[in-house]
Amino acid sequence: MMRFISMVLVLISVNAFAINRTEQLNSFIKIWGVVKYMHPEASRGAYDMNKEFVEKYEQITKGINQQEFEQNILSWIEHFDSKRNHYNTTQNQHIEIYADYHWISNFGSPLQNKLKTIINNDNTGDYYAKLRKMTSYVSLEDESKTFAFNQDIKSHQLLLLASFWNAMQFWNVNITLNDKAWNLVLEETVEQFESSKTTTDFERIKDNLLANINDSHSDNLDISLVVNRMKYYPVFGGKIINDSLVITEIRDLPKAQVQGVALGDVVVGIDDMTVAAYISKNFHLCSSNGSSIRARIQRILLLASDKRTIKISLLKRESGLVVDKEIPLYEPSEINYTQASLMPSSFLSSTYTSVNDEIGYINLQSITGKTLKKALTAFKDSKGIIVDLRTHPANLVIRDIDHLVSDKKRFLKILAPVGPAKRAFQDDNIAEKIAGSAVVVYGKKESFKGIVVLLVDRGTQSKAEYLGAAIQQNDNCYTIGEQTSGAIMNSNHYQLLNGQTFVFTNYMAMDVSGNYTLQRNGLKLDKALQEHTLNYKPSLYIDEAIKYIQTAAIE
């Protein structure tokens, strides 16, 4: 009996140590980040913070109680202090500290007070993160060049995770828009890390961590889960509608005919799963809003595989019957792209054209400012125009949009990083430099006076959303389509210790009221369109725009 009790006590002790070590690692990662970016000496690069992390990790994993841990960490922090660089604290009521520091209250007073002193310190260096004063753009140090990362070493694995987590904690102003609280993400990541056994486990944990950044710039399509599958491809692609793939393009018609695949057919299942379940299984780590990631994979990547065949359930447009079949996949060199067949385009023109005597159409994809002005002059007496923003407007700048708006209006508020885990709204002059042009449309007296219908969809992203927000300042603008990407501002990048690049949005864009966040939510819609699979109409957006212009009356 005594032997049994002793064994139970040993098991309880071992389990308590494992829990305590996990909690200590979680705390250490947060503290290390605070020191790295906010300590007056460490933030200037006076110490090798990666080396410091590895050495401290080895101490923690040997097993120490909580009191020893706090004393050890406090002594470690104090060894960074120097007479050369002092702590300095200033107050600015316009600056928001967005990081959640409640975890500090779990420590005893000595460590707690020390951490508060560092967090309130404004005397920080820029060795690891350079913040450009005129634009509030953050340049994060590429530490992969100076650290010999070894994926087989446990401390290096945790250092990579800790480095990424802290970089986002202190320099990603959109981190508070995530579905899951960032501190909770770290807790879960450390727990997963503690139970991992192989480098494959580590890769999975890393990809899971990255996927918790809900940002359409962060599509994560270069992770191994996706890249390893991109070997063989189908001869068709399409558009994902209602969790099915409508085939809108065939890249090699003879091969497609042999397979029994035609334009307008609908893929309703893949590998004995629904399309939604298949996307969830194979692209769940590609962090983006739902419509945005579908836009990225629907034409090519959805059915790509590392196998030569793939099973699909195909709803035939002609008969309405579902046929299960296994179709071959090909290397790109095996596909004869000269034998392509496409559905009618959903765009009326590559630049501009008249729909009828009352309505004009302008496609912003490749049009120049000069041609846009010419188009607006041609349509000046029209009842309305359709402005198509479902693609990237490569050649336009904000000043070109002045011809679509009659009055001077600010159309964006920008929340920018101003320090480690600090952000603030920028005034018009600084915001203009951030946006690369302006957050104000100045308008023109001779601007178009009729109805403006703005077309947007899942492919409307970044610069397209930025210009779209400006066009919406037209008093007669009516926006129809589907949720846009929700990544309206400039992108930034962070280099992980293994050399992998991670992209995120540098600023948070909001409407002028400051109550609606364009980041993640995208442009506001006046009417959301619902497309249908079996009766898919490429002209739906245009038809709806024409209908609105014909029935609307300008007040």
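Rules behind the numbers
- Residues numbered from 1 in each chain as written.
- Predicted model: local features only at pLDDT ≥ 70, side-chain atom pairs only at ≥ 80, totals over all residues.
- Heavy atoms only, no water.
- Helix = DSSP H or I, 4+ residues; strand = E, 2+ residues; numbered from the N terminus.
- Buried < 20%, exposed > 50% of the residue type's maximum accessible area, 1.4 Å probe, protein only.
- Contact = heavy atoms within 4.5 Å.
- Areas by Shrake-Rupley, 256 points an atom, 1.4 Å probe, with all protein chains shown as cover.
- Lys, Arg positive; Asp, Glu negative; His and termini not counted.
- Charge placed at Lys NZ, Arg CZ, Asp CG, Glu CD.
- Pairing = 2+ DSSP bridges.
- Axes fitted to C-alpha atoms, helices over the stretch in contact; angles between N-to-C directions.
- Core = buried A, V, L, I, M, F, W, Y, C linked by side-chain atoms within 4.5 Å.
- Salt bridge = Lys/Arg side-chain N within 4 Å of Asp/Glu carboxyl O.
- Parallel < 35°, antiparallel > 145°, perpendicular 65-115°, else oblique.
- Nonpolar A, V, L, I, M, F, W, Y, C, P; charged D, E, K, R; others polar.

**Some thoughts on the overall build of the protein chain**
Of the regular secondary structure elements, the protein chain holds 17 helices and 23 strands. Dimensions of the protein chain along its principal axes, counting C-alpha atoms only, are 85 × 60 × 40 Å. Within the protein chain, the fraction of its 555 residues that count as buried is 53%. Partitioning the intrachain contacts of the protein chain with sequence separation of at least 6 by distance along the chain shows that 75% fall at a separation of at least 24. Per element, the accessible surface of the protein chain, about 24800 Å² overall, is 50% carbon and sulfur. Where the 60 positive side-chain charges of the protein chain centre and where its 62 negative ones centre are 3 Å apart.

**Some details on the sheet that holds strand E11 (residues 352-354)**
As summarised here, the arrangement of the six strands in space is E11-E12-E13-E18-E19-E23, forming an open sheet in which the pairing is mixed. In this open sheet, the two edge strands, each paired with only one partner strand, are E11 and strand E23 (527-528). Inspection of the sheet shows strand E18 (residues 451-456) paired to strand E19 (residues 477-481) by five bridges, in the parallel sense. Bridge pairing in E19 places Val 453 opposite Tyr 478. Against the sheet, helix H12 (residues 369-378) contacts E11, strand E12 (359-363) and strand E13 (384-388), and its axis sits at roughly 10° relative to E11. Those strands touched by helix H17 (residues 540-551) are E12, E13, E18, E19 and E23, and its axis lies near 160° from that of E18.

**With respect to the pairing of strand E9 (residues 322-328)**
Two strands pair when backbone bridges link them, and strand E8 (residues 309-315) and E9 are joined in this way by seven bridges, in the antiparallel orientation. Bridge assignment links Thr 309 to a residue of E9, and that residue is Pro 328. Counted between consecutive antiparallel strands, the loop separating E8 from E9 contains six residues, among which Gly 320 sits at a positive phi close to 80°.

**Points about unusual backbone geometry**
The backbone of Ser 136 sits at a positive phi, close to 55°, despite the residue not being glycine. Turning to its location among the elements, Ser 136 is positioned in the loop between strand E2 (129-131) and strand E3 (138-140). According to the relative accessible area criterion, Ser 136 is buried, its value standing at 5%. One non-glycine residue with positive phi stands out, namely Arg 520, at about 75°. By secondary structure assignment, the location of Arg 520 is in helix H16 (residues 518-521). By relative accessible area, which is 23% here, Arg 520 ends up partly exposed.

**Things to note about the nonpolar core**
Among the nonpolar cores identified, the biggest contains 69 residues, and Ile 31, Tyr 101, Phe 164 and Met 168 are the most heavily contacted of them. Discounting chain neighbours no more than four positions away, the residues touching Phe 164 are Trp 182, Leu 209, Leu 210, Ile 213, Tyr 494, Leu 496 and Phe 502. Counting residues in each nonpolar core, the second largest holds 41 residues, with Ile 367, Leu 372, Ala 469 and Cys 477 among its members.

**Quick notes on the sheet that holds strand E15 (residues 413-419)**
The strand order E1-E16-E15-E22 describes an open sheet built from four strands, whose pairing is antiparallel. Two strands lie at the open edges of the sheet, namely strand E1 (96-97) and strand E22 (508-510), each paired on one side alone.

**A closer look at the side chain of Lys 422**
Secondary-structure assignment places Lys 422 in strand E16 (residues 422-425). For Lys 422, the contacting residues outside a window of four places in its chain are Ile 95, Glu 96, Ile 97, Tyr 98, Asn 121, Asp 122, Ala 416 and Pro 417.

**Re the pattern of salt bridges**
A side chain with one charge may pair with a side chain of the opposite charge, provided their charged atoms come close. With the rule as written, the count across this model stands at 27 salt bridges. Between Asp 511 and Lys 524 there is a salt bridge, with the nearest N and O atoms lying 3.4 Å from each other. Of the two residues, Asp 511 sits in the loop between E22 and H16 while Lys 524 sits in the loop between H16 and E23, which places them 13 residues apart along the sequence. The shortest N-O distance in the salt bridge between Lys 537 and Asp 543 comes to 3.2 Å. A cluster of three or more residues bridged by salt bridges with shared partners is formed by Glu 203, Lys 206 and Asp 207.

**Observations concerning the packing of helix H5 (residues 154-171) against helix H6 (residues 182-195)**
Interhelical geometry of H5 versus H6 gives an angle of 175° and a closest axis separation of 11 Å. The pairing of H5 with H6 is recorded here as roughly antiparallel in orientation. Residues Lys 154, Gln 157, Leu 158, Leu 161, Phe 164, Trp 165, Met 168 and Gln 169 of H5 lie in contact with H6, whose contacting residues are Trp 182, Asn 183, Leu 186, Thr 189 and Phe 193. Among the residues forming the contact of H5 with H6, the class breakdown is eight nonpolar, four polar and one charged.

Scope: geometric values only; no functional claims are made or implied.
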